[in-house]
Structures are given as C-alpha cells and as structure tokens.
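# Summary of structural features
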Number of protein chains: 2
Amino acid sequence: MSISGIIAEYNPFHTGHKYLLEQAEGLKIVVMSGNFMQRGEPAIVDKWTRAQMALEHGADLVVEMPFLVSVQSADHFAKGAISILHRLGVEKLVFGTEEMLDYQKIADIYVDKSEEMENFVKNLPDNFSYPQKTQAMWQEFAGLTFTGDTPNHILALAYAKGVAGTGIQLSPVQRQGAGFHSEEVETSYASAIAIRKGADQLDLVRDFLPSASLFEEATKVSWRNYFPLLRYQITTHPDLSQVFQVNEELASRIRSAIGSVATVEELVEAVTTKRYTKARVRRVLTYILINAVETPLPDAVHVLGFSARGQAYLKQVKERVGLVTRIGKEPWDSLTQQADLVYQLGADAMAEQTYGRVPVRVE
Amino acid sequence: MSISGIIAEYNPFHTGHKYLLEQAEGLKIVVMSGNFMQRGEPAIVDKWTRAQMALEHGADLVVEMPFLVSVQSADHFAKGAISILHRLGVEKLVFGTEEMLDYQKIADIYVDKSEEMENFVKNLPDNFSYPQKTQAMWQEFAGLTFTGDTPNHILALAYAKGVAGTGIQLSPVQRQGAGFHSEEVETSYASAIAIRKGADQLDLVRDFLPSASLFEEATKVSWRNYFPLLRYQITTHPDLSQVFQVNEELASRIRSAIGSVATVEELVEAVTTKRYTKARVRRVLTYILINAVETPLPDAVHVLGFSARGQAYLKQVKERVGLVTRIGKEPWDSLTQQADLVYQLGADAMAEQTYGRVPVRVE
C-alpha cells in the first residue's frame with residue numbers, strides 16, 4: 001500500500017479538503033496545524049475537532065505540527081511539515097494548487113541549484129518582502145511568472161523546496177472552486193476564509209462543511225477573543241524584542257500603535273509596511289500573544305487521531321518514530337502546550353486541549 | 001498656618017474619611033494611593049475620582065503615592081508615604097486608630113532603639129509572618145499587646161517608625177464606627193470594605209459616601225475584572241520569579257494553582273500559607289498583574305488635585321520640591337504609569353488615567 005501525505009490546516013475542514021483526501025491514494029497521513037494558523041491567527045475550532053472532521057472524511061492518521069512549524073512563513077511551514085511526514089514514511093505529498101505545473105521538475109531544479117538560488121535571494125534589496133524575493137528567485141531560475149492570487153501555488157513551491165533530500169514525490173491536484181483568499185461563496189468549493197466569515201450562516205455551513213454538525217457544536221474563536229489579552233501582553237511585556245521574530249523596529253511600531261487601536265486588524269494595518277507584510281505582522285502578533293521564544297522542535301510526533309488503518313500503521317512505525325499519544329507532566333512541545341493554554345483562554349466553553357486528551361478514533 | 005498630612009486610600013471616600021479631614025488643622029495635604037491598594041487589589045474607582053471626593057470634603061492638596069509605595073507591606077507603605085509628606089513640608093501626621101495610645105512616645109522608643117528592634121525582628125523564626133514579627137517587636141520593646149482586629153492601630157505603629165528622623169509629629173484621632181475589616185454596616189461610619197461589597201446598594205452609598213453621585217457615576221472595577229488578564233500573565237510569563245517580591249516558592253505555588261481556580265480569591269486561598277499571608281499573596285498577584293520589577297521611586301511629586309489654598313501652597317514649595325502636574329512623554333514613574341495602563345484595561349468605560357490628565361481643581 002502506498003503512503004500519501006497531506007499538509008493541512010482545515011480551518012475549517014470543507015468540501016475542497018474532502019476532495020483532496022479523495023484524490024490521495026493508499027494510506028492517508030495528514031500533518032495538521034494545531035490551534036494557531038500559518039497566517040497568524042487562532043483556529044476557528046480546536047485541533048481535536050478539526051482532526052475528527054478529517055478522519056470522518058478519509059484521513060487515516062492526523063498528526064500535529066508544533067507551534068513553531070504551523071505559525072511560520074511558507075518555507076519553514078513546508079519544511080517542518082514535510083519533515084514530520086518523512087519521519088512517518090510518507091512517499092508522496094498530495095496538495096492542491098491553482099497551477100498544474102510539473103512541480104517535480106521544479107523540485108529537481110532546486111536540488112541542483114539550491115545554494116545559488118538561496119544566495120540570489122540573500123542579495124535582493126532589503127525593501128523586498130520575503131514572498132517577493134522568493135517569487136523573483138523562481139522567475140530567475142525556473143522561468144515561473146506569478147499572476148497574483150495563487151497562494152496554494154506559492155505554498156506548492158515551498159513544498160518543492162521542502163522535499164529536497166527526502167525522496168518524497170510531489171503529487172499536485174488541481175484546486176477546485178474558490179481560491180484560498182476568496183470571500184465569495186459561489187462554487188461548491190467555498191474557500192475557508194469565506195466559510196469563517198459566514199460561520200453563523202447555517203446554509204453555508206451545511207453546504208460546504210462535510211462535518212457541519214461537529215462545526216456547529218464546537219466552540220468558535222477568532223482574533224477578537226484574544227485582542228484583550230494581546231493588548232495586555234503588549235502593555236506589560238518588558239521587552240517585546242525578546243519574543244520570537246520581533247525586532248526592535250517591529251517592537252517599537254507595535255508599542256506605538258497599541259494605544260490607539262481597537263482590534264487586531266487595526267493593529268495589523270498600523271504596523272504593516274512594505275517590508276513587513278500583513279501575514280508576517282499577524283504571525284508576530286501571534287508570537288507575542290503566546291510570548292513565544294525560539295525552542296527546538298520536538299523529535300516525537302503528536303498523534304491527534306486515527307482510523308483502524310491508521311492505528312495499524314502506527315504499530316508498524318512506532319519502533320522507529322517517537323510517538324506521543326497522551327501528554328502528561330512532560331510536555332510534548334512546551335511552546336505548543338503554552339499556545340494551547342492561551343488558546344483555551346479565548347472562550348470559557350473551550351475544551352481542555354492537552355491534559356487527558358487521547359487520539360480521536362474514527363472507525 | 002500649620003500643615004497637616006494624611007495618608008489615605010479612600011477606597012472609596014466615606015464619612016469616616018471626611019471626619020478625619022475635619023479633625024485635621026490648617027492646610028490639609030493628603031498623600032493617596034493611586035489605582036492599586038495596599039492590600040493588593042485595584043481601587044474600586046480611579047484615583048482622579050477619589051482625589052476629587054477628598055477635595056470636595058476638606059482636602060487642600062492630594063498627591064499620589066507611586067505604585068511601589070502604595071502596594072507594599074505596612075512599613076514600606078508608611079515610610080514611602082511619610083517621605084512624600086515630609087518633602088511637602090508637613091508638620092503633623094493625622095491618622096485614625098482604634099487605640100488612643102501615646103504614639104509619639106512609641107515613635108521615640110523606635111528612634112532610640114531602632115537598630116536593636118530591627119535585629120530582634122530579624123532573629124525571629126522564619127515561620128512567623130512579617131506582621132507577627134512586628135507585633136512581637138512592639139510587645140518586647142514598648143509593652144504593647146494586640147487584640148486582633150485593629151488594622152489602623154497596626155498601620156499607626158508603622159507611622160510611628162516611619163516618622164523617625166523627619167520631625168513630623170503624630171496626631172492620632174479615635175476611629176469612629178465600624179472597623180476597617182468589618183463587613184457589617186451598622187454605624188454611620190461604615191468601613192470601606194462594607195461599602196465596596198454594597199457598592200450597588202443605593203441607600204448604603206448615599207448614607208455613607210459624602211460624594212455619592214460621583215461614586216455612582218464612576219466606572220467601578222474589582223479583581224474580578226482583572227482575573228482573565230492575571231491568569232493569562234501567569235500562563236505566558238517565562239519566569240514569574242523575575243517579578244517584584246516573587247520568590248521561587250511563590251512562583252511555583254501560583255503556577256500549580258492557576259489551572260484549577262476561577263477567581264483571584266480562590267487563587268489567594270490556594271497560595272496562602274502560614275508564612276505567606278493573604279495580604280502578601282494579594283500584593284504579589286498585583287505585582288504579577290502589572291509585571292512589576294523593582295524600580296527606583298521618583299523624586300518628583302505627582303499632584304492629583306488641589307483647592308485654591310492648596311494651589312497657593314504649591315506655588316510656595318515648587319522651588320524646593322519637584323512637582324509633576326501633567327505627565328507627557330516622560331513618565332513620572334514608569335511603573336505607576338504601567339499600572340495605570342493595566343488598570344484601564346479592566347473596563348471599557350474607564351477614563352484615561354495618565355495622558356492629558358491635569359489636577360482636579362475644587363474651589
């Protein structure tokens with residue numbers, strides 16, 4: 001049996017995600033973000049609920065990305081997620097994209113010329129944002145052009161870099177329906193953003209979420225729930241530049257802005273510059289919310305749930321991969337555990353995220 | 001004209017406080033706590049409102065204690081407050097007490113034997129709380145006995161120590177009506193605690209608060225408003241023992257308890273031991289809420305309000321005392337300003353506490 005891997009956030013799990021799982025072959029392993037997202041925001045519903053959604057619709061095994069993998073720019077996100085899939089024996093990475101290119105060929109270019117390509121990026125002017133630099137690199141070395149709104153394609157290129165040295169094959173699937181950023185709900189594959197914005201519209205939820213009732217019952221949060229805590233952290237933190245990826249300039253911009261904004265989005269607007277993109281600022285605010293400092297990534301893999309097939313597979317691999325199925329006094333990853341404690345503070349009804357939690361089983 | 005000084009919290013200003021102001025002679029200078037109290041809790045209404053209450057009922061000048069004076073054990077509280085009154089030329093300290101003793105004589109004993117007395121305290125067993133040690137000292141050197149519920153008397157003894165070397169005379173006034181800790185509202189001098197507990201009972205407020213309408217209109221807060229922030233701070237702080245007066249033992253007790261308590265009072269109960277009194281634990285939690293580290297006390301005096309007489313007096317003393325009447329970019333006391341920012345986060349309707357605020361004038 002072949003072993004397919006998928007990298008996902010499932011924020012929340014929608015028909016497009018189900019479609020991708022259907023396209024994958026063999027045993028389907030998903031490495032999923034925990035309770036904070038790559039764009040720098042809390043997950044609308046918690047990781048256990050999202051893992052269950054995926055297991056109910058085709059996933060065999062769902063494992064968790066540590067906080068410092070899931071809340072990262074595309075390259076680190078891709079690299080960290082692929083590393084986990086690689087440890088679990090994944091042979092093929094299945095992903096959705098807007099552009100059906102030969103990503104394997106692109107990956108091979110990167111394997112051949114990675115040093116040259118990274119040097120090219122380093123020597124680009126400082127006023128380029130990191131995404132701009134990366135696009136310039138692909139244009140230079142692979143002749144790719146970019147037409148704006150293709151975030152999955154851009155992530156796919158990060159996967160192409162990330163698989164270097166792992167032997168994992170790239171298996172793109174044409175993305176159906178609305179793009180990732182789209183706020184319009186027109187097709188049967190609504191984007192996750194449109195679904196989050198319409199989370200209280202029952203029709204939308206029932207049409208586009210395969211696990212609609214799970215979603216409806218779950219406690220939902222957004223940045224709005226955490227703004228009072230973020231504002232307080234910024235107010236009382238002795239030195240924000242101690243926080244992961246916060247430099248003096250960002251610390252100063254954030255401190256100046258916090259007194260005159262009423263929402264996280266207003267704060268993001270006030271802090272963003274050409275050099276510091278909105279996504280980066282949102283991630284930095286997430287690091288501040290968690291008071292994150294750089295910590296080594298865990299070697300062990302945290303299991304969020306499995307099917308019978310997934311469970312059987314875990315028995316096969318447990319000799320060569322450290323698996324955590326229940327977090328006790330020793331954290332799996334202290335930063336992820338801290339992020340989960342903060343996530344729980346967002347709503348009174350939020351379920352305990354760590355202690356006593358065992359993998360979701362879906363037969 | 002003689003110059004009387006009063007040390008106060010006015011949390012809130014009640015008929016007993018008005019009575020004490022009436023007993024004082026000459027120009028009446030009050031040094032008042034800011035937005036956090038000696039017992040380790042937020043003021044029920046903000047400092048500007050409380051200063052106005054005092055000015056409407058006899059005070060000529062109200063100045064602010066820095067955070068690290070107001071939120072302190074009795075000795076440091078008394079010493080810091082007296083130091084400010086001394087700088088302002090106060091000749092006589094007027095205070096309420098349950099016991100009409102010759103405090104001046106007690107103060108003289110301390111002047112004579114302070115070294116011996118402090119050594120006595122130092123050599124008492126470690127399992128005595130600090131208040132117990134102080135009482136043992138007074139018993140040994142001044143023959144005083146303590147009968148339990150006389151917190152004003154105990155504070156008065158701290159004043160007796162605090163005036164050493166200043167030349168300030170002690171002028172006790174027999175306290176009328178309910179004791180400080182009393183929760184019963186029986187007499188015409190209700191205790192501040194009973195008033196805070198009955199803050200929503202209009203009869204009580206109107207009978208015992210000389211500035212009832214000011215109080216009714218003000219935004220009111222209590223620890224309840226700050227518990228979510230405190231819990232979050234404890235959750236994300238990398239090392240609580242960096243906070244002022246938090247040792248490893250307290251840090252560890254607080255961290256273990258925070259996951260299983262729903263209020264500050266429950267947390268205080270869980271952390272308190274024979275050695276760490278409730279008042280001390282509450283103060284420590286206040287330091288954590290502010291994320292306070294030890295900072296030098298300011299030399300300048302921050303003016304919260306004055307009468308015409310008070311204003312005239314300020315003109316006389318401004319050559320020899322640094323006065324701050326409007327806080328701009330430079331803080332008066334950075335820790336007090338931080339405490340005020342946090343205080344403001346307790347309620348949406350809370351007025352700005354620092355920037356643009358000028359002294360209250362009552363003619």
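Residues numbered from 1 in each chain as written. Chains lettered and ligands numbered in written order. Predicted model: local features only at pLDDT ≥ 70, side-chain atom pairs only at ≥ 80, totals over all residues. Heavy atoms only, no water.

## Topic: the environment of B:Phe208
- Summarising the element assignment, B:Phe208 is placed in helix H9 (residues 202-208).
- C-alpha separation for the pair B:Phe208 and B:His302, spaced 94 residues apart in sequence, amounts to 29 Å. (Helix = DSSP H or I, 4+ residues; strand = E, 2+ residues; numbered from the N terminus.)

## A closer look at the confidence of the model for chain A
- With 96% of its residues at a pLDDT of 70 or more, chain A shows a mean pLDDT of 91.
- Overall fold confidence (pTM) sits at 0.90, and the ipTM for the predicted complex is 0.87. (pLDDT = per-residue confidence, 0-100.)

## Overview of the relation of the copies chain B and chain A
- Each copy of the sequence occupies a distinct position, and chain B is placed on chain A by a rotation of 180 degrees and an axial shift of 0.0 Å, giving an RMSD of 0.0 Å. Here the symmetry operator amounts to a two-fold rotation axis. No C-alpha of chain B approaches the rotation axis more nearly than that of B:Leu229, which lies at 3.2 Å.
- In this assembly the copies share their binding face: 100% of the residues contributing to the interface of chain B also contribute to that of chain A. (Least-squares fit on C-alpha atoms with pLDDT ≥ 70 in both. Contact = heavy atoms within 4.5 Å.)

## What about the domain arrangement of chain A?
Residues and elements named next belong to chain A.
- Here chain A is described as being made up of domain 1 (1-215) and domain 2 (221-288).
- A separation of 25 Å is found between the C-alpha centroids of domain 1 and domain 2.
- Of the roughly 1,300 Å² buried between domain 1 and domain 2, counting both surfaces, carbon and sulfur atoms make up 59%.
- It is Arg 39, Gly 40 and Pro 42 in domain 1 that bury the most area against domain 2; as a group they hold 30% of the surface buried on that side.
- Linking domain 1 with domain 2 are five residue pairs in polar contact (both at pLDDT 80 or more).
- By residue class, the composition of the side of domain 1 that touches domain 2 is eight nonpolar, six polar and three charged. (Domains from an automatic or database assignment. Buried area = accessible area lost by both parts, 1.4 Å probe. Polar contact = N/O pair within 3.5 Å; in protein donor to acceptor, adjacent residues only side chain to side chain. Nonpolar A, V, L, I, M, F, W, Y, C, P; charged D, E, K, R; others polar.)

## Description of the packing of aromatic side chains
Residues and elements named next belong to chain A.
- Within this structure, the stated rule accounts for 23 aromatic pairs over all chains.
- The interplanar angle of 80 degrees and the centroid separation of 6.0 Å between the aromatic rings of Phe 36 and Phe 67 together place this pair among those described as edge-to-face. With a gap of 31 residues between them, Phe 36 in the loop between strand S2 (27-32) and helix H2 (47-55) and Phe 67 in helix H3 (residues 67-70) connect regions that are remote in the sequence.
- Of the residues examined, Phe 67 reaches a relative accessible area of 2% and is grouped as buried.
- When the ring of Phe 95 is compared with that of Tyr 159, the centres are 5.6 Å apart and the planes differ by 70 degrees; the resulting orientation is edge-to-face. Here Tyr 159 lies in helix H7 (residues 151-162) and Phe 95 lies in strand S4 (residues 92-97), a separation of 64 residues in the sequence. For the pair formed by Phe 95 and Tyr 159, the shared burial category is buried. (Phe/Tyr/Trp six-rings, centres within 6.5 Å; stacked < 30°, edge-to-face > 60°. Buried < 20%, exposed > 50% of the residue type's maximum accessible area, 1.4 Å probe, protein only.)

## A look at the interface of chain B and chain A
- Every contact between the two is made by 17 residues of chain B and, on the other side, 17 residues of chain A.
- Summing both partners gives a buried area of about 1,300 Å² for chain B against chain A, and 60% of it is carried by carbon and sulfur.
- Joining chain B to chain A, the criterion identifies zero salt bridges.
- In this structure, the connection of chain B to chain A is made through eight residue pairs in polar contact (both at pLDDT 80 or more).
- Taken together, the elements giving at least two residues each to the side of chain B that touches chain A come down to helix H11 (223-236), helix H14 (278-290) and helix H16 (334-344) of chain B.
- Sorting elements by how many residues they give to the side of chain B that touches chain A places H11(B) first, with seven residues.
- Each residue belonging to the side of chain B that touches chain A can be placed in one class, and the counts come to 10 nonpolar, six polar and one charged. (Salt bridge = Lys/Arg side-chain N within 4 Å of Asp/Glu carboxyl O.)

## Some points on the pattern of salt bridges
- Scanning the model with the defined rule gives 18 salt bridges over all chains in all.
- Among the ionic pairs, A:Lys47 bridges to A:Glu64, the shortest N-O distance being 2.9 Å. Pair noted here: A:Lys47 is in helix H2 and A:Glu64 is in strand S3 (residues 61-64), with a separation of 17 residues, a long-range link. The residues A:Lys47 and A:Glu64 share a single accessibility class, namely buried.
- The salt bridge involving B:Glu269 is made with B:Lys278; its shortest N-O contact spans 2.8 Å.
- Overall, the relative accessible area of 34% leaves B:Lys278 in the partly exposed class.

## Regarding the side chain of A:Glu9
- Counting through the fold element by element, A:Glu9 comes out in the loop between strand S1 (3-8) and helix H1 (15-23).
- Setting aside residues up to four positions removed in sequence, A:Glu9 forms contacts with A:Met32, A:Ser33, A:Met37, A:Gln38, A:Arg50 and A:Phe77.

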